[in-house]
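In case you want the letters, here they are:
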Amino acid sequence: MKNALIDDIKANLDQVQSDIDAACDHAAVARCKPKLIAVSKVQPKERVIAALEAGHRVFGENKLQEASERWGDLKPDYDGIELHLIGGLQTNKTAKAVALFDVIQTVDRIKLAKKLADEMAKQGRRLPVYLQVNTGEEAQKSGCMPADLPALVEAARALKLNVVGLMCIPPVGDDPSLHFMLLKKLANRHGLKRLSMGMSSDFALAAVMGATDIRVGTAIFGAREYG
Ligand SMILES: *Cc1c(COP(=O)(O)O)cnc(C)c1O
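Now for a quick tour of the structure. (Residues numbered from 1 in each chain as written. Predicted model: local features only at pLDDT ≥ 70, side-chain atom pairs only at ≥ 80, totals over all residues. Heavy atoms only, no water.)

**Structural notes on helix H3 (residues 64–74)**
- Listed as buried for H3 are Leu64, Ala67, Ser68, Arg70, Trp71 and Leu74.
- Residues of H3 that are buried sit in contact with helix H2 (45–53), strand E2 (58–61), strand E3 (82–85) and helix H4 (94–100). (Buried < 20%, exposed > 50% of the residue type's maximum accessible area, 1.4 Å probe, protein only. Helix = DSSP H or I, 4+ residues; strand = E, 2+ residues; numbered from the N terminus. Contact = heavy atoms within 4.5 Å.)

**Description of the environment of Asp108**
- Within the fold, Asp108 resides in the loop between strand E4 (103–107) and helix H5 (110–123).
- Sequence-wise, Asp108 and Leu159 are 51 residues apart; in three dimensions their C-alpha atoms are separated by 14 Å.
- If we skip the residues at most four places from it in the chain, Asp108 touches Gln132, Ser142, Gly143, Cys144 and Leu152.
- Polar contacts involving the side chain of Asp108 include one to the main-chain amide nitrogen of Gly143, which spans 3.0 Å. (Polar contact = N/O pair within 3.5 Å; in protein donor to acceptor, adjacent residues only side chain to side chain.)

**Concerning the side chain of Gln43**
- Here Gln43 shows up in the loop between strand E1 (35–39) and H2.
- Judged by relative accessible area, which is 2%, Gln43 ranks as buried.
- A polar atom in the side chain of Gln43 sits 3.0 Å from the side chain of Arg47.

**Things to note about the site of the ligand**
- The environment of the ligand is formed by Val39, Lys41, Ile86, Ile169, Met199, Ser200, Arg215, Val216, Gly217, Thr218 and Arg224.
- With the chains in place, 90% of the 390 Å² that the ligand exposes on its own is no longer accessible.
- In terms of residue class, the shell around the ligand is made up of 5 nonpolar, 3 polar and 3 charged. (Near = heavy atom within 4 Å. Areas by Shrake-Rupley, 256 points an atom, 1.4 Å probe, with all protein chains shown as cover. Nonpolar A, V, L, I, M, F, W, Y, C, P; charged D, E, K, R; others polar.)

**Structural notes on the pairing of E1**
- Burial analysis of E1 places 4 of its 5 residues in the buried class, which makes it a mostly covered element.
- Bridge count for E1 against strand E8 (residues 213–216) is 4 bridges, and the pairing is parallel. Among the inter-strand pairings, Ala38 is bridged to a residue of E8, identified as Val216.
- By the bridge criterion, 2 bridges tie E1 to E2 in an arrangement that is parallel. Bridging from a neighbouring strand, Val39 pairs with Gly60 of E2. (Pairing = 2+ DSSP bridges.)

**Quick word on the pattern of salt bridges**
- Counting across every chain of the model gives 12 salt bridges.
- In this structure, Asp102 and Arg125 form a salt bridge, with 3.5 Å as the shortest nitrogen-oxygen distance. Of this pair, Asp102 sits in the loop between H4 and E4 while Arg125 sits in the loop between H5 and strand E5 (128–132); the two residues are 23 residues apart in sequence, bridging distant segments of the chain.
- A network of salt bridges, in which partner residues are shared, links Asp21, Asp25 and Arg31. (Salt bridge = Lys/Arg side-chain N within 4 Å of Asp/Glu carboxyl O.)

**Description of the side chain of Arg70**
- Within the secondary structure layout, Arg70 lies in helix H3.
- Since its relative accessible area comes to 11%, Arg70 is described here as buried.
- Among all residues touching Arg70, those that are not within four sequence positions of it are Ser40, Lys41, Val42, Gln43, Pro44, Lys45, Val48 and Glu61.

**Description of the packing of aromatic side chains**
- Counted by the stated rule, this structure contains 1 aromatic pair.
- A ring pair is formed by Phe59 and Trp71, whose centres lie 4.8 Å apart and whose planes are at 45 degrees; its orientation type is tilted. Linking Phe59 in strand E2 with Trp71 in helix H3, this pair joins segments that are 12 residues apart in sequence. Each member of the pair, Phe59 as well as Trp71, carries the same accessibility label: buried. (Phe/Tyr/Trp six-rings, centres within 6.5 Å; stacked < 30°, edge-to-face > 60°.)

Structure, rendered in structure tokens:
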């Protein structure tokens, strides 16, 4: 492993935290240290290994197949890896997802909640889950509609899922702060503590607005090159 690449990624990880600190100082809110989920989807394996060598352990992937090809090999090699699923999940793939991931951030319908609860019981892995909310009410996007959230929360709790928070992906082109505010309000209403919001373009804003988890890809690893 080239040290220059490790140094590079380490500098990017540090930069993310100092951007958050600067934004919190500017907004005069208490400095916060949201959990930094390094989104490794599509990135070359050497960059992901560089992040691991730099000491980072929390990663996010949005596709089960890609994640299992990559992390099936890497997970046993490094202690303490925490892998978050941040992309949509099909109900027929819950077994594989529960086995591979440590946190599932994209529970957005009751049918999926049921499947996950069954699978977690079967595997003896009671993973923390987030409910994904489609705060922009976009037809093509996953996430439950805000109006459907109360029923989903109730169902997930009745199924004994370990629901820890909410997650959202604001519509491209919208002011993200409106979506972050809505997500926080919904989480408060349901007594949920964790807020997964903010990506490379808006993580500092999200942190100021109370994010407990930010999902950052490009700002850590560089641009994704889709082949
Ligand atoms: C890809 C992705 C990210 C990271 O996006 P960047 O702009 O590269 O930081 C965050 N969240 C989700 C759900 C993603 O799919």
